[in-house]
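Observations on the three-dimensional arrangement
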Amino acid sequence: MAVQHHILDFCLSAPADGRTVIEALEPIFQEQRMTKTIHNLGENGFLVTYISESGSFATLRMYTDKLLTFDIHSYELDNKGRATIETLCDKLEQKMKDLLQGNINRLKRLPAIIRGGTIDRYWPTADGRLVEYDIDDVVYDEDSAYQNIKILHSKQFGNILILNGDINLGESDLPYTQAIMGSGSEDYTGKEILILGGGDGGILCELVKLKPKMVTMVEIDQMVINACCKHMRKTCGDVLDNLKGDCYQVLVEDCVPVLKTYAAEGRVFDYVINDLTAVPISTSPEEESTWDFLRLILDLAVKVLKPTGKYFTQGNCANLTEALAMYEKQLNKLYCPVEYSKNIVCVPSYAEFFHSLLEAPRGLSHW
């Protein structure tokens, strides 16, 4: 069982008389055997509650600034219960239209929000907008030593990997993988590439098709690899079936000590692709540990790049302009100068445009 939450809003051209509205709606709620309680809030309008014996309830809020809202909550989610609530909403909408003829500037009725359901369909975008996905199955849901791992099935996007409540990648999201690899502008033939993160296997799968000399992927969470190997086959193909192939190896390790070791040994790569974490939403780098981690990865990654090497990373939602600008400021704090360019791509399952970034060192020397 779960709760249906229906929302019906009326923006008026002039304030409505509260008593008249309440009286006109009385027969509709009496038909549903709902008990009424009126709260006269004086200069702040009216709040009216209607409660049924089953526990379903509705609130009518009349504001003095020409806004009138209904919220209807029902715990009856069988077909009969849903039909009853839809009928109630239909009657309320029609009665208000009849009562307020010529006084309605805008009427908004939203689809019911399902709260507490077995399947969670609601996931916010990076900039805080709520999206209802067409999720119809929980494919995988486990906690590793590092994070909660979910894979949910969407009718449109296929299986979607969600880590700690953050949508990472859907099987529909090849545009993301292509963007973080340079959108087709790079020649990976015979090159040495380092992937940081990338446990879904999408980047690795696409790279091995391009005849590189060697791809090394460093992913800390074996459970992510296992889950994606089984449930994200459209993304990773068969590259996660084994941790080693003819032109790739997967290291199940923390990338920070690996990068430090590579830097100490003087090992370098043609490309480093950072698929660890998006640019933080916070614009206070001094107070945000994620910014510290990001700067650390940037510094270490530049140290393992060849002088002609390139570094690709994800950015964040295109609407997060302040956070993206803050990231660009971090590039000026690296131990060597870098040039960078940006690309914007529409990632289907993200429901938003997303930045990817390319950085290339200038005058880089190694020791």
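Residues numbered from 1 in each chain as written. Predicted model: local features only at pLDDT ≥ 70, side-chain atom pairs only at ≥ 80, totals over all residues. Heavy atoms only, no water.

Here we take up the side chain of Asn274. Counting through the fold element by element, Asn274 comes out in strand β16 (residues 269–275). What makes Asn274 buried here is its relative accessible area of 6%. There is a polar contact of 2.8 Å between the side chain of Asn274 and the side chain of Tyr311. Leave out the neighbours within four places in its chain, and Asn274 touches Ile180, Leu196, Ile297, Tyr311, Phe312, Thr313 and Gln314. (Helix = DSSP H or I, 4+ residues; strand = E, 2+ residues; numbered from the N terminus. Buried < 20%, exposed > 50% of the residue type's maximum accessible area, 1.4 Å probe, protein only. Polar contact = N/O pair within 3.5 Å; in protein donor to acceptor, adjacent residues only side chain to side chain. Contact = heavy atoms within 4.5 Å.)

A separate point is the sheet that holds strand β11 (residues 158–163). Spatial strand order, β9-β10-β11-β12: four strands in an open sheet with antiparallel pairing. Strands with a single pairing partner mark the edges of an open sheet, and in this sheet they are β9 (135–143) and β12 (166–170). Strand-to-strand twist of the sheet, defined as the mean angle between neighbouring strand axes without regard to direction, takes the value 25°. In this sheet, β12 lies alongside β11 in antiparallel orientation, the contact comprising four bridges. Considered in β12, the bridge of Ile162 is made with Ile167. (Pairing = 2+ DSSP bridges. Axes fitted to C-alpha atoms, helices over the stretch in contact; angles between N-to-C directions.)

Our focus in this paragraph is the confidence of the model for the chain. Mean pLDDT over the chain works out to 88, with 90% of the residues at or above the 70 mark. Predicted confidence is poor over residues 362–367, with pLDDT under 50, and the contacts of this stretch with residues over four places away or in other chains come to 20 contacts. (pLDDT = per-residue confidence, 0-100.)

The complete set of buried residues in helix α5 (residues 222–231) reads Val224, Ile225, Ala227, Cys228, Cys229 and His231. On its buried face, α5 is in contact with β9, β10 (148–154), β11, α6 (233–236) and β15 (248–251). The N-capping residue of α5, defined by a side-chain oxygen 3.0 Å from the backbone nitrogen of Met223, is Asp221.

Take the pattern of salt bridges next. Taken as a whole and assessed by the stated rule, the structure comprises 13 salt bridges. Glu26 serves as the salt-bridge partner of Lys36, at 2.8 Å between the closest nitrogen and oxygen. You can see Lys36 sitting in strand β2 (residues 34–40) and its partner Glu26 sitting in helix α1 (residues 18–31), a full ten residues away along the chain. Note that Glu352 is salt-bridged to Arg129, the shortest N-O span being 3.7 Å. Taken together, the residues Glu352 in strand β19 (residues 352–361) and Arg129 in the loop between β7 (122–124) and β8 (130–132) connect sequence positions 223 residues apart. The exposure class assigned to Glu352 is buried, which follows from its relative accessible area of 8%. Overall, Arg129 belongs to the partly exposed group, its relative accessible area being 36%. (Salt bridge = Lys/Arg side-chain N within 4 Å of Asp/Glu carboxyl O.)

Another aspect to go through is the pairing of β9. Sheet topology places β9 next to β10; seven bridges connect them, and they run antiparallel. Following the sheet pairing, Tyr140 is matched in β10 by Ile151. The loop that links β9 with its antiparallel partner β10 comprises four residues.

Our focus in this paragraph is the nonpolar core. Within the largest apolar cluster, 45 residues are counted, with the highest numbers of intra-cluster contacts made by Tyr133, Leu161, Tyr188, Leu204, Leu207, Leu240 and Ile273. It is α5 that provides the largest number of residues to this core, a total of five residues. Not counting chain neighbours up to four residues away, the residues in contact with Tyr188 comprise Met181, Ile193, Leu207, Leu210, Lys211, Pro212, Tyr271, Ile273 and Phe312. (Core = buried A, V, L, I, M, F, W, Y, C linked by side-chain atoms within 4.5 Å.)

Turning to unusual backbone geometry, a few remarks are in order. Positive phi is not limited to glycine here, since Asn164 has a value of about 50°. Along the polypeptide, Asn164 turns up in the loop between β11 and β12.

Turning our attention to the environment of Ala351. Of note, Ala351 is situated in the loop between β18 (338–347) and β19. Through-space distance from the C-alpha of Ala351 to that of Tyr133 is 9.6 Å; in sequence the pair is 218 residues apart. Apart from residues lying up to four places away in sequence, Ala351 is in contact with Thr125, Arg129, Val131 and Tyr133.

A separate point is empty space enclosed by the protein. For the structure on display, the rule yields three cavities of 30 Å³ or more. Within this model, the largest cavity holds a volume of roughly 60 Å³. Taken together, eleven residues form the lining of the largest cavity, with Asn274, Thr277, Leu294, Tyr311 and Thr313 sitting closest to its centre. For the lining of the largest cavity, the elements supplying multiple residues, two or more each, are α8 (289–303) and β17 (305–317). The biggest single contributor to the lining of the largest cavity is α8, with four residues. When the residues that make up the lining of the largest cavity are grouped by side-chain class, the tally is seven nonpolar, four polar and no charged. (1 Å grid on protein atoms, 1.4 Å probe; cavity = no way out; pocket = protein on both sides within 12 Å on 5 of 7 lines; lining within 4 Å. Points joined across faces, edges and corners; volume = space filled by probe spheres on them. Nonpolar A, V, L, I, M, F, W, Y, C, P; charged D, E, K, R; others polar.)

Next up on the list: the packing of aromatic side chains. A complete count under the given rule lists seven aromatic pairs for this structure. Each ring, one from Phe10 and one from Phe70, has its centre 6.2 Å from the other, and the planes form 80°; the classification is edge-to-face. Of the two residues, Phe10 is situated in strand β1 (residues 3–12) and Phe70 in strand β5 (residues 67–74); the sequence distance between them amounts to 60 residues. The class for Phe70 is buried, based on a relative accessible area of 0%. Ring centres 5.5 Å apart and planes at 50° place the aromatic pair Tyr262 and Phe269 in the tilted group. Here a set of aromatic residues connected by ring pairs shows up, and it is made of Tyr188, Tyr271 and Phe312. Across the ring face of Tyr63, the terminal group of Arg61 is positioned such that the distance to the ring centre comes to 4.1 Å. In this structure, Arg267 packs its charged tip against the face of Tyr262, placed 4.7 Å from the ring centre. (Phe/Tyr/Trp six-rings, centres within 6.5 Å; stacked < 30°, edge-to-face > 60°. Lys NZ or Arg CZ within 6 Å of the ring centre and 35° of its normal.)

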